[in-house]
Amino acid sequence: MPHLFQVFPSLLVSSNRARAFTEPIVFTVTLKILISSSLNIVMICLHFSSKYFTANPMSFAKHRVSRHCKRSRICSSRERSIIETGNKHDKRSTTGNTRTVAMDDDLILDSPGIAPQGSPTPLVTALKASAGQDVATFHFPGHNRGRAAPSSLAQLIGIRPFLHDLSTVPELDNLFAPKGPILEAQKQAAKLFGSSETWFLIGGTTCGNQAAILATCSPGDSLILPRNSHISVFSAMVLSGALPKYIIPEYDSSWDFAGGITTSQVQCAIKELENEGRKAAAVFVTSPTYHGICSNLSKISQICHSQKIPLIVDEAHGAHLGFHPQLPASALQQGADLAVQSTHKVLSSLTQSSMLHMSGTLVDRERICKCLQTLQSTSPSYLLLASLDAVRAQLSENPEMIFSQAWELAAEVRNLIKEIPGISVLEYQSFSSFPMIDPLRLTISFWQLGLSGYEANEILSRDYGVICELVDTRSIAYVINLGTSREHAQRLVSAMKDLSATFLPVQRVEESAESTNCLPFVDSKICLSPREAFFARKKRVNIRHSIGEICGELICPYPPGIPVIIPGEIVTERALDYLLRVKIEGAVISGASDPLLSSMIVCGV
């Protein structure tokens, strides 16, 4: 009935499915007999049947059999020919022929994209099954499952990533209205991390921070937050219209960076707002910081909840917390209402993938969903989403001990470096107001060698091939993770010893810490809200003439992405001197319209 199929194309698929189970009965029975008698005979039959169906592609719909390949050479050897076979079928009319192809060593499902009940990786399984279909594709992306992949990129990463770089096809579920594998994957993540609900993010923790603030703050609401928050938080205030109530974090001049915020500081900020007749819509805390310093979230959450104020935690650097007895407790374990984690940092998902976790009832779930739909792409990368599902499964295998080796290696490296003359390792005593420092974060200073962090890092990366995570004026931060090898740890220690032996005998005058005895934004004053400043008229002035003006652009060294000057704040001499100094020392300044910092955009009001 071709006319019926033209009107209702979906019936063609249904018809093919029916024929797949009714017509090849003899072939299926024969195949079962062969399997039971001899594995070698099965391999021969499959070889000849494959040749037959390749030569007669139109007959395949009449004699379809789901071929389940276990780990074998057959599957591996055919991996490379899949694209070629698909291209041959494309040249002939194969619309409606939806056979399932073995893409690699693992099983391909009969029902593409529908993960079996209780699948350990529902989204990975669905993506694999969908990519394994032999279908005529007329949808995005334009590389068409690798057939038009740019050669330079294909040579770099191979063809397989393109096979799984699929668009929002029905069997892969919808990120904004999940009912299938995405929903199941998010549920399993929520169970592992201890949240009431978890959302997968393909815009990093930047997206999660913005969604959390938009979901809790309306225009004119007050948001309590540390002044050394990530740049994403300030853009969130532009979007939401929230008014900042800054807390100046603790600062250590010998290390020249800030820590977290304390319980008493949060309590004081809440009281100050009450005295002004306002109530905080939310409290935002960064814990751990880039250097691994953890705030006492348990006590902060108790203070917030006593006032019915939701606690948002930027836990970008702490997705691993709570997964080992020697690691600090996670934000959710300490009572946070919303926690945003960069799953791609210490954990092993693909870069740019994160998770947003919710707990309690203080935050409106529906508003979170609407905010995420506003902020995230409508064409999400299923490779990023699947990587979140995969890393959750990786953690689930042994959640309490998976970081044992990493913790032991970090402790060993820390003890070895502490013995090297002229080199210091950040310890709890430097920030004793805070309960713990992430043991997997090694922050090392070189000022006793007369080296800045930038100078030391240049030598270590150039001469020893040691690549760090973060460079500061006086220190370098290194991260030990699941993939850190003992060989690389030994190379780090050896390089530190050589650095000490080279520069310790040299008598160098240590740089005066006078200009860095406090944070560069400690004396900043707000004239306009971030949103008002964003939309205000602007003008460009000479950098030295900007002192006393209202800043019109967000300027910060990156990493760590902590703004030194924020739109709406008065430009101070301290902040300007700091920016010029770290730029000379080698920092990358982001956000400035003039990368040379010879001029600055200010508000013309």
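Student: I'm lost on the overall build of the protein in this one. Help?
Tutor: Across its full length, the protein holds 21 helices and 21 strands. When burial is assessed residue by residue, the protein has 51% of its 605 residues classed as buried. When contacts within the protein are restricted to residue pairs at least 6 apart in sequence, those whose partners lie at least 24 apart make up 71%. When the accessible surface of the protein is split by element, carbon and sulfur atoms take 55% of a total near 28,200 Å².

Student: How do you make sense of the sheet that holds strand β11 (residues 338-341) when you look at a structure like this?
Tutor: In a beta sheet, neighbouring strands are held together by backbone hydrogen bonds and run either parallel or antiparallel to one another. If you trace the 7 strands from one edge of the open sheet to the other, you get β3-β12-β11-β10-β8-β4-β5, paired in mixed fashion. Looking at the sheet topology across the chains shown, the edges are occupied by β3 (197-201) and β5 (243-247). Between one strand axis and the next, the sheet turns through 20° on average, direction left out of account. In this sheet, strand β8 (residues 280-286) lies alongside strand β4 (residues 222-226) in parallel orientation, the contact comprising 3 bridges. What sits directly across from I224, in β8, is V283. Contacting β3 and β12 (354-358), helix α16 (residues 382-396) runs over the sheet at an angle of about 135° to β3.

Student: How should I be thinking about a nonpolar patch on the surface in this particular structure?
Tutor: Side chains of L153, L156 and I157 sit close together on the surface and give an oily, nonpolar patch of about 290 Å² of accessible area. You can see L153 is positioned in helix α8 (residues 151-157). The class for L153 is partly exposed, based on a relative accessible area of 36%.

Student: Explanation requested: helix α21 (residues 573-585) in the structure shown.
Tutor: Count 3.6 residues to each turn of an α-helix, and residues three or four apart come out pointing the same way. End to end, α21 covers 18 Å across 13 residues, agreeing with the expected 18 Å (1.5 Å per residue, within 8%). Every buried residue belonging to α21 is among A575, L576, Y578, L579, R581 and V582, and all of these are buried. Structurally, α21 contributes buried residues whose contacts are with α18 (453-464), β19 (556-557), β20 (589-590) and β21 (599-603). Positive phi appears at G586, one or two residues downstream of α21, with a value of about 125°.

Student: Before we go on, may I ask you to explain the environment of W255 in this structure?
Tutor: With respect to the secondary-structure elements, W255 resides in the loop between β6 (251-252) and β7 (257-258). Judged by its relative accessible area of 3%, W255 falls in the buried class. Placed 171 residues apart in sequence, W255 and L426 show a C-alpha to C-alpha distance of 8.4 Å. Leave out the neighbours within four places in its chain, and W255 touches S424, V425, L426, S430, T443, I444, S445, W447, R474 and S475.

Student: How should the sheet that holds strand β15 (residues 441-445) be read in this particular structure?
Tutor: Taken in spatial order, the 4 strands line up as β13-β15-β17-β16 in an open sheet, and their pairing is antiparallel. Of all the strands in the sheet, just β13 (424-425) and β16 (470-471) have a single pairing partner and so form its edges. Note that β16 and strand β17 (residues 475-479) share 2 bridges and pair antiparallel. In the sheet register, L470 faces β17, and the bridge partner there is A477.

Student: Honestly, the packing of helix α17 (residues 404-418) against helix α19 (residues 486-503) in this entry has me stumped. Any pointers?
Tutor: When two helices pack together, their arrangement is given by the angle between the helix axes and the distance between those axes. Packing of α17 against α19 brings their axes to within 10 Å, and their N-to-C directions diverge by 15°. Taken as axis vectors, α17 and α19 run roughly parallel relative to one another. For the pair α17 and α19, the sense of crossing is right-handed. For the pair α17 and α19, contact is made by L409, E412, V413, L416 and I417 and by R486, A489, L492, V493 and M496, respectively. For the contact of α17 with α19, the class distribution of residues is 8 nonpolar, no polar and 2 charged.

Student: Hey, could you run me through the packing of aromatic side chains in this one?
Tutor: Any aromatic ring pair is given by two values, namely how distant the centres are and how the planes are angled relative to each other. Taken as a whole and assessed by the stated rule, the structure comprises 7 aromatic pairs. Ring centres 6.5 Å apart and planes at 55° place the aromatic pair F431 and F434 in the tilted group. Neither F431 nor F434 differs from the other in exposure class; each is buried. Put simply, the rings of W255, F257, F431, F434 and W447 touch in pairs and so form one group of aromatic residues. In this structure, R227 packs its charged tip against the face of Y246, placed 5.7 Å from the ring centre.

Student: What is the right way to read unusual backbone geometry from this model?
Tutor: Trans peptide bonds make up the majority, and among non-glycine residues the majority have a negative phi. A cis amide bond, omega -5°, links F140 with the succeeding residue P141. Its place among the elements puts P141 in the loop between β2 (133-134) and α8. At the junction of S287 and P288, the peptide bond is cis and its omega measures out at 0° in the coordinates. Residue placement: P288 occurs in the loop between β8 and β9 (293-294). In this structure, D173 is a non-glycine residue whose phi angle is positive, near 80°.

Student: Explain the pairing of β4 here, please?
Tutor: Each regular strand displays side chains that alternate between the two surfaces of the sheet. The buried fraction of β4 is high, at 5 of 5 residues. Here β4 shows a buried face lined by S222, I224 and P226 and a second buried face lined by L223 and L225. Where β4 meets β5, 5 bridges bridge the pair, whose relative direction is parallel. The partner of S222 across the bridge, within β5, is L243.

Student: Explain the layout of surface pockets to me, please; I cannot follow it from the model alone.
Tutor: Gaps left between atoms are located by rolling a probe of water-molecule size over the structure's atoms. There is about 710 Å³ of room inside the second largest pocket. For the lining of the second largest pocket, the secondary structure elements donating two or more residues are α11 (204-216), β7 and α21. Here the element with the most residues in the lining of the second largest pocket is α11; it accounts for 4 residues. Among the residues making up the lining of the second largest pocket, the classes are represented as 21 nonpolar, 17 polar and 5 charged.

Student: Got a minute to help me understand the pattern of salt bridges in this structure?
Tutor: Taken as a whole and judged by the stated rule, the model has 14 salt bridges. Here K418 and E427 are joined by a salt bridge, their closest N and O atoms 3.1 Å apart. Through salt bridges with shared partners, one network takes in E197, R365 and E366.

What counts as what
- Residues numbered from 1 in each chain as written.
- Predicted model: local features only at pLDDT ≥ 70, side-chain atom pairs only at ≥ 80, totals over all residues.
- Heavy atoms only, no water.
- Helix = DSSP H or I, 4+ residues; strand = E, 2+ residues; numbered from the N terminus.
- Buried < 20%, exposed > 50% of the residue type's maximum accessible area, 1.4 Å probe, protein only.
- Contact = heavy atoms within 4.5 Å.
- Areas by Shrake-Rupley, 256 points an atom, 1.4 Å probe, with all protein chains shown as cover.
- Pairing = 2+ DSSP bridges.
- Axes fitted to C-alpha atoms, helices over the stretch in contact; angles between N-to-C directions.
- Patch = residues over 30% accessible without salt bridge, like charges linked within 9 Å, V, L, I, M, F, W, Y side chains within 5 Å.
- Salt bridge = Lys/Arg side-chain N within 4 Å of Asp/Glu carboxyl O.
- Expected span 1.5 Å × (residues − 1).
- Parallel < 35°, antiparallel > 145°, perpendicular 65-115°, else oblique.
- Left-handed = near helix turned anticlockwise from the far one by under 90°.
- Nonpolar A, V, L, I, M, F, W, Y, C, P; charged D, E, K, R; others polar.
- Phe/Tyr/Trp six-rings, centres within 6.5 Å; stacked < 30°, edge-to-face > 60°.
- Lys NZ or Arg CZ within 6 Å of the ring centre and 35° of its normal.
- 1 Å grid on protein atoms, 1.4 Å probe; cavity = no way out; pocket = protein on both sides within 12 Å on 5 of 7 lines; lining within 4 Å.
- Points joined across faces, edges and corners; volume = space filled by probe spheres on them.

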